Amino acid sequence: VLASDGVWEFLTSQMVVDFVAKFEGAEQPLEACKTVVAESYRQWLRFEVRTDDITMIVLKITDFEGKSRDQDSSDGSRRSTKTGNAILNNSAALGHVQRPVRRQLSKAKRRIIAERGNEISAELEKFVLADHISEKSQEEFVRIEKHIQTNFLFSHMTTKQKKDAVSCMEKVVCSNGDLIIKQGDEGDKFYIVDSGTFDVKVRDDDGVMQTVFTYETAGSSFGELSLMYGKPRAATVQATSRGQLWAINRVAFRACMLKRNSHIDMVAILKKVEILQSLTIPQLQRLSDCMAEESHKSGANILTQGEHGESIYIVEEGSLVVTKSADGGKTTELMTLGPSDYFGERALMYDEARAANVVATSDVRLLTMSRAVFTEVVGDLEKIIKADQAKRERSKLSRMSTYKVLHSEKEIDMLKGAKRDMFNARALNKSSAFGRDASVHGTFALIKGKVPILYGVEVFNKSGVKEAGTAASYEKGRKLLSSF
């Protein structure tokens, strides 16, 4: 696979390999390219107000045999030539690291969404589902449901939301040459291809319309981005054969796609999860968008103690009980869970067995997300936490040092790992006035190298200060000293 950086901006190398692996036969390379380019284009428009160059080449080599590990090269040195699949399957052993991809909306995109936020909220308040339902046969309903199974917009919607969206879709029959959407126009509908072929055209710098892509697969979709973000159409789509589309209008689209899980504050819940507290609000918002729904009957085992786990769960509706099994077979109830509670969060970072059982005590609806999805959205959680801890430590040490303006970052970092026996007290002679709620000032010398480093210090009796209720004043003094 050879591709421009426009492909790798939002897709990891493993994602691209997975796309390519889905296609077989003589048309595999071309179809793989079309799929990856389309997904890259979709991601660019979703996260940015522009697109980079998106170009891809797939070369498939058949009947290829690489040299074995024991064969010598012509220059006599030992070499190991492996086929592409072997390299992919052994990427960890070869030290391969996934290139980080961008998973945050650009500032311009966030600004556009914020500007349209109030308008969208007003539309959702007025939305009445019955006014937007379009009649269709059961066969057509099932066919549309099949079309949206692989569409990323629908992949994390609840079952009810999907049915509501399908109910609102109306049939559009078109002929060769019909313009479906026009570049620059205000977006008003989202389309799913049922049959036929449709060219995507963009006007170049010379004003000439160039065909950049063709939709020819049932289930393909276009138009959703303008509806979500209120942008003018980025391209023109024209029918190149007789065909049929399913369309959902602007208001219904927004109601079904954006009014998701509005009865619980997903970001607030995720913020309570201890291992996610280092994430930013935009990252938590992305995660909430990626959570899928699961429904279980009363009595169902959601988690089983000792089994491998890789997903976090948030209770949307219903109740569950958490139990722990002992070696003798005795089961102890630990706690109960209800709406907005969460469990299984350690699976996002640790590859370990479940520590307890979780059983539904009523019919439940759960929102869930796997470690793989989490990593694709925000990256490796363990690395994020370590980076955040390092940042907090630097900030803490910087506040502690009264010499932070004069001292270099290296000198401040020397405090890391410092122990009591590494300091020598100077001018800390306690006078008779040093009582339980009094303090004395002096200096400490940190002996960690050839040259001692002096730090100002205030010594006080902690328990005495607490009893006297003067802790707040000491904290103010510490902050004042650290600002010098």
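Residues numbered from 1 in each chain as written. Predicted model: local features only at pLDDT ≥ 70, side-chain atom pairs only at ≥ 80, totals over all residues. Heavy atoms only, no water.

Colleague: Please explain the pattern of salt bridges as it appears in this structure.
Modeller: Counted by the stated rule, this structure contains 10 salt bridges. One salt bridge in this structure joins E216 and K34, with 2.8 Å as the shortest N-O distance. With E216 in the loop between β7 (209–215) and β8 (221–222) and K34 in helix α3 (residues 28–47), the pair connects residues that are 182 residues apart, well separated along the chain. A salt bridge links E316 to R365; the nearest nitrogen and oxygen atoms lie 3.6 Å apart. On the criterion of sequence distance, the pair formed by E316 in strand β13 (residues 311–317) and R365 in strand β18 (residues 364–370) is long-range, its members being 49 residues apart. Take R365: its relative accessible area is 27%, and that puts it in the partly exposed class. The network of salt bridges with common partners includes E31, K34 and E216. (Salt bridge = Lys/Arg side-chain N within 4 Å of Asp/Glu carboxyl O. Helix = DSSP H or I, 4+ residues; strand = E, 2+ residues; numbered from the N terminus. Buried < 20%, exposed > 50% of the residue type's maximum accessible area, 1.4 Å probe, protein only.)

Colleague: Even after reading the chapter, I still don't get helix α2 (residues 13–21), so can you show me in this structure?
Modeller: For an α-helix, the turn length of 3.6 residues means that residues three or four places apart are oriented alike. Looking only at α2, the buried set comprises V16, F19 and V20. For α2, the angular spread of the buried residues around the axis is 95 degrees, confining them to a single face. (Arc of directions from axis to C-beta.)

Colleague: How do you make sense of the sheet that holds strand β10 (residues 243–249) when you look at a structure like this?
Modeller: Sheet strands line up and pair through hydrogen bonds in the backbone, either parallel or antiparallel. The strand order across the open sheet built from 4 strands is β3-β10-β5-β8, with neighbouring strands paired in antiparallel fashion. For this open sheet the edge positions go to β3 (170–174) and β8, each flanked by a neighbour on one side alone. In this structure, β3 lies alongside β10, joined through 5 bridges in antiparallel fashion. Considered in β10, the bridge of V173 is made with Q244. (Pairing = 2+ DSSP bridges.)

Colleague: I'm lost on the sheet that holds strand β14 (residues 320–325) in this one. Help?
Modeller: An order of β12-β17-β14-β15 is seen for the 4 strands of this open sheet, with the pairing classed as antiparallel. Each end of this open sheet is capped by a strand with a single partner; those strands are β12 (301–303) and β15 (331–337). Strand-to-strand twist across the sheet, computed as the mean angle between neighbouring axes with direction ignored, equals 30 degrees. In this structure, β14 lies alongside strand β17 (residues 357–360), joined through 4 bridges in antiparallel fashion. Looking at the pairing, T323 lines up with N357 of β17. (Axes fitted to C-alpha atoms, helices over the stretch in contact; angles between N-to-C directions.)

Colleague: Please clarify how the nonpolar core should be interpreted in this entry.
Modeller: A general tendency of soluble globular proteins is for nonpolar side chains to be buried together. Formed by 24 residues in total, the largest nonpolar core has its most connected members in I275, L276, L287, M291, F374 and L381. Mapped by element, the contributors of at least two residues to this core are α10 (266–272), α11 (281–289), β13, β18, α12 (371–378) and α13 (381–400). Of all the elements, α10 adds the most residues to this core, at 4 residues. Every residue in contact with L276, bar those within four places of it in the chain, is listed here: L270, L284, L348, F374 and L381. (Core = buried A, V, L, I, M, F, W, Y, C linked by side-chain atoms within 4.5 Å. Contact = heavy atoms within 4.5 Å.)

Colleague: Help me understand the packing of aromatic side chains, please; the structure alone is not making it clear to me.
Modeller: Given two aromatic rings, their pairing is described by the distance between the two centres and the angle made by the two planes. As enumerated under the stated definition, the model contains 5 aromatic pairs in all. For the ring pair F213 and Y215, a centre distance of 5.2 Å and an interplane angle of 80 degrees mean the geometry is edge-to-face. Ring geometry for Y313 versus F343: centroids 5.1 Å apart, planes at 10 degrees, classification stacked. Taken as a pair, Y313 in strand β13 and F343 in strand β16 (residues 342–343) lie far apart in primary sequence, 30 residues in all. The pair Y313 / F343 is uniform in exposure class, with both members buried. (Phe/Tyr/Trp six-rings, centres within 6.5 Å; stacked < 30°, edge-to-face > 60°.)

Colleague: Please clarify how the pairing of β13 should be interpreted in this entry.
Modeller: Residues in a regular strand project their side chains so that they alternate between the two faces of the sheet. Burial analysis of β13 places 6 of its 7 residues in the buried class, which makes it a mostly covered element. With 6 bridges joining them, β13 and β18 adopt antiparallel strand pairing. Bridge assignment links I314 to a residue of β18, and that residue is L367.

Colleague: What exactly am I supposed to notice about the side chain of T323 here?
Modeller: When you line up the elements, T323 lands in strand β14. T323 has contacts with Q305, T331, T332, E333, L334, A356 and N357, leaving out every residue within four places of it along the chain.

Colleague: I would appreciate a short explanation of the confidence of the model for the chain in the present structure.
Modeller: Should the pLDDT be low somewhere, the predicted coordinates at that spot are not to be read in detail. Per-residue confidence for the chain averages 75 on the pLDDT scale, and 69% of its residues sit at or above 70. In this model, residues 401–407 is a region of pLDDT below 50 whose contacts with residues beyond four sequence positions or in other chains number 16 contacts. Counting interchain partners and residues more than four positions distant, the pLDDT-below-50 stretch residues 429–434 has 7 contacts. (pLDDT = per-residue confidence, 0-100.)

Colleague: I tried to follow unusual backbone geometry on my own but got confused; where do I start?
Modeller: Most peptide bonds adopt trans geometry, and most residues besides glycine take a negative phi value. Backbone geometry at S340 places phi at a positive 80 degrees, although glycine is not the residue there. Inspection of the secondary structure assignment puts S340 in the loop between β15 and β16. Exposure remark for S340: the relative accessible area of 28% places this residue in the partly exposed category.

Colleague: Which parts of the structure should I look at to understand the pairing of β10?
Modeller: Taking burial as the measure, the 7 residues of β10 include 6 buried ones, the bulk of the element. The pairing of strand β5 (residues 189–195) with β10 spans 6 bridges and is classified as antiparallel. Residue pairing across strands places F190 opposite I248, the latter belonging to β10.

Colleague: Help me out: how do you make sense of the side chain of H147 in this one?
Modeller: Note on placement: H147 falls in helix α6 (residues 138–147). Given the relative accessible area of 10%, H147 is considered buried. In terms of polar contacts, H147 uses its side chain to reach the side chain of D194, at 2.8 Å. Excluding residues that lie within four positions of it along the chain, H147 makes contacts with I192, V193, D194, A218 and G219. (Polar contact = N/O pair within 3.5 Å; in protein donor to acceptor, adjacent residues only side chain to side chain.)

Colleague: Would you take a moment to explain the packing of α6 against helix α7 (residues 159–168) for this structure?
Modeller: When two helices pack together, their arrangement is given by the angle between the helix axes and by the axis-to-axis distance. Running from N to C, α6 and α7 point in directions that differ by 120 degrees, and their axes come no closer than 10 Å. When the interaxial angle is binned, α6 and α7 end up oblique. The way α6 lies across α7 gives a crossing that is right-handed. For the pair formed by α6 and α7, the contact residues are F141, I144 and E145 on the first element and K163, V166 and S167 on the second. Per-class residue counts for the contact of α6 with α7 are 3 nonpolar, 1 polar and 2 charged. (Parallel < 35°, antiparallel > 145°, perpendicular 65-115°, else oblique. Left-handed = near helix turned anticlockwise from the far one by under 90°. Nonpolar A, V, L, I, M, F, W, Y, C, P; charged D, E, K, R; others polar.)

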